Amino acid sequence: LCSDVLLESDRRGIESHGCNRFKPIYIDRIKAGILNPVTKIDIIKETPTTAVIDANDGMGMVASKKAMDMCIEKAHKYGMGMVAVRNSSHYGIAGYWTGLATKENMIGISGTNARPFMLDCATSVIQNGKIEYYARIGHDTPKGLVISREGEELTDSVEILKKIRSKQAALAPLGGFGETNGGYKGYGYSTVVEILSAALQSGIFLRALEGKNEDGSIRPYHLGHFFIAIDTEAFMGAEAFKKTCGDILRDLRGSEKAPGQERIYTAGEKEYDVWMYRKDKGVPVTEAVQKEFIGLRDEFGLTQFKFPFEK
């Protein structure tokens, strides 16, 4: 399950959350003793339409599958289901979990809190994982996405990562910096996600999610997630829902295009196009990730495996 989430991220062209994070976010944390590779799930509270479950610092993907399965089961019975998860860890791309709902003709919604907003939050203009990816391939971060404490817009990806970890830099919220560009909208949305991820399960939030004790030693991250499934059959029916949704998307794609543009995309189309190409052609793996895979293979004595990128 964990492998499939990472692979699906790369298949969709979301390299920031794919194999690029296999070692630092999962393997290294397991080795450090702050992530349990075997996930024990406890149901803390449950009603016909809601639940709170405890992941006990296990694999976020395993807890997320359990949570969304519970949402879907409740939605089939009562029209809607929502589950909050506590004491979890990184769960990969949110779209993997909402996709489980769409396969059941349901609307899927999911969110997660993370380490502090400045470090990694999808409600910022760019994810921390994307900057990590840029650093690995020697690429600068585009201007206007990260700001230093002094108000300077930063572009050196390696330097940005250092300054973010030392709280000397922050990611811009959706809309960008300041009120003029609507940065308050991203700030507000990130707070909604934080409340739904933390308050429903009485979890920790914001800076408490740094994964460090007061003495600076590392500890589990205790992330929170939330999942919602809405059964379209409980409203006007799945077929009517799909028809109207399709009409909306077709109307958007048929709108007047900006000068010089050939196509209008709606959400998920670009990732689908990449997925269709990569499902047969394979996924490109950066040299830095190749070295990590080879190193882990040798470290764990899995010498019977040889990667196609090895010379």
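Heads up: these notes are all about the structure in this document. (Residues numbered from 1 in each chain as written. Predicted model: local features only at pLDDT ≥ 70, side-chain atom pairs only at ≥ 80, totals over all residues. Heavy atoms only, no water.)

1. Looking at the sheet that holds strand β4 (residues 106-112)
Part 1 of the reasoning: Spatial strand order, β1-β2-β3-β7-β4: five strands in an open sheet with mixed pairing. With partners counted over all chains shown, the strands left at the sheet margins are β1 (42-46) and β4, one partner each. The mean angle between the axes of side-by-side strands here comes to 15°, regardless of whether they run parallel or antiparallel.
Part 2 of the reasoning: Pairing of β1 with strand β2 (residues 50-54) involves four bridges; the strand directions are antiparallel. The residue bridging I43 from the neighbouring strand is I53, located in β2.
Part 3 of the reasoning: In the packing of helix α7 (residues 183-198) onto the sheet, the strands contacted are β3 (80-88), β4 and β7 (223-231), and the crossing angle to β7 comes to about 95°. (Pairing = 2+ DSSP bridges. Helix = DSSP H or I, 4+ residues; strand = E, 2+ residues; numbered from the N terminus. Axes fitted to C-alpha atoms, helices over the stretch in contact; angles between N-to-C directions. Contact = heavy atoms within 4.5 Å.)

2. Quick look at the pairing of β7
Part 1 of the reasoning: Burial of β7 is extensive: nine of the nine residues sit out of reach of the surface.
Part 2 of the reasoning: Burial of β7 is two-sided: the residues L223, H225, F227, A229 and D231 facing one way and the residues G224, F226, I228 and I230 facing the other way are all buried.
Part 3 of the reasoning: Across seven bridges, β3 lies against β7 in antiparallel orientation. Residue G81 lies in a different strand from β7, and its bridge partner there is A229.
Part 4 of the reasoning: Pairing of β4 with β7 involves seven bridges; the strand directions are antiparallel. (Buried < 20%, exposed > 50% of the residue type's maximum accessible area, 1.4 Å probe, protein only.)

3. Section: the packing of helix α1 (residues 2-11) against helix α9 (residues 269-281)
Part 1 of the reasoning: Following both chains from N to C, one finds α1 and α9 inclined at 105°, their axes separated by 8 Å at the closest point. By the criterion of interaxial angle, the relationship of α1 to α9 is roughly perpendicular. Facing E8, D10 and R11 of α1, the residues of α9 in contact are E271, V274, W275 and R278.
Part 2 of the reasoning: Among the residues forming the contact of α1 with α9, the class breakdown is two nonpolar, no polar and five charged. (Parallel < 35°, antiparallel > 145°, perpendicular 65-115°, else oblique. Nonpolar A, V, L, I, M, F, W, Y, C, P; charged D, E, K, R; others polar.)

4. Things to note about the nonpolar core
Part 1 of the reasoning: Counting 28 residues, the largest nonpolar core has Y26, M68, V83, V85, W97, F227 and A229 as the members making the most contacts within it.
Part 2 of the reasoning: Among the secondary structure elements, those contributing two or more residues to this core are α1, α2 (22-31), β2, α3 (60-78), β3, α4 (94-102) and β7.
Part 3 of the reasoning: With residues up to four places along the chain from it excluded, the contact list for A229 reads M68, C71, I72, A75, G79, M80, G81, M106 and I107.
Part 4 of the reasoning: Listed in part, the 12 residues of the second largest apolar core include Y134, V146, A169 and L171. (Core = buried A, V, L, I, M, F, W, Y, C linked by side-chain atoms within 4.5 Å.)

5. Comments concerning the pairing of β3
Part 1 of the reasoning: Across five bridges, the pairing between β2 and β3 is parallel. Of the residues in β3, the one forming a bridge with V52 is A84.
Part 2 of the reasoning: Chirality of the crossover, the property in question, places the unit of β2, α3 and β3 among those that are right-handed. (Right-handed = clockwise from strand over helix to strand, strands pointing away.)

6. A look at the pattern of salt bridges
Part 1 of the reasoning: All told, the structure shown has 22 salt bridges when counted by the stated rule.
Part 2 of the reasoning: The partner of D4 in a salt bridge is R11, and the shortest N-O contact between them spans 3.6 Å.
Part 3 of the reasoning: Using a relative accessible area of 23% as the deciding quantity, one classes R11 as partly exposed.
Part 4 of the reasoning: Here the salt bridges do not stand alone but share partners, grouping D4, E8, R11 and R12 into one network. (Salt bridge = Lys/Arg side-chain N within 4 Å of Asp/Glu carboxyl O.)

7. Quick notes on α9
Part 1 of the reasoning: In a regular helix each residue adds 1.5 Å, so 13 residues correspond to 18 Å; α9 covers 18 Å between its end C-alpha atoms and thus fits that length.
Part 2 of the reasoning: Taken from the residues just after α9, G282 is the one with a positive phi, measuring 95°. (Expected span 1.5 Å × (residues − 1).)

8. What to know about the side chain of R21
Part 1 of the reasoning: As for its position among the elements, R21 is in the loop between α1 and α2.
Part 2 of the reasoning: Exposure remark for R21: the relative accessible area of 0% places this residue in the buried category.

9. Some details on unusual backbone geometry
Part 1 of the reasoning: Of note in the backbone geometry, K167 takes a positive phi value of approximately 65° without being a glycine.
Part 2 of the reasoning: Its location among the elements puts K167 in the loop between α6 (157-165) and β6 (169-171).
Part 3 of the reasoning: Positioned with a positive phi, S202 is a non-glycine residue whose angle comes to about 55°.
Part 4 of the reasoning: Position of S202 among the secondary structure elements: in the loop between α7 and β7.

Such coordinate-based values are descriptive only and should not be taken to indicate function.
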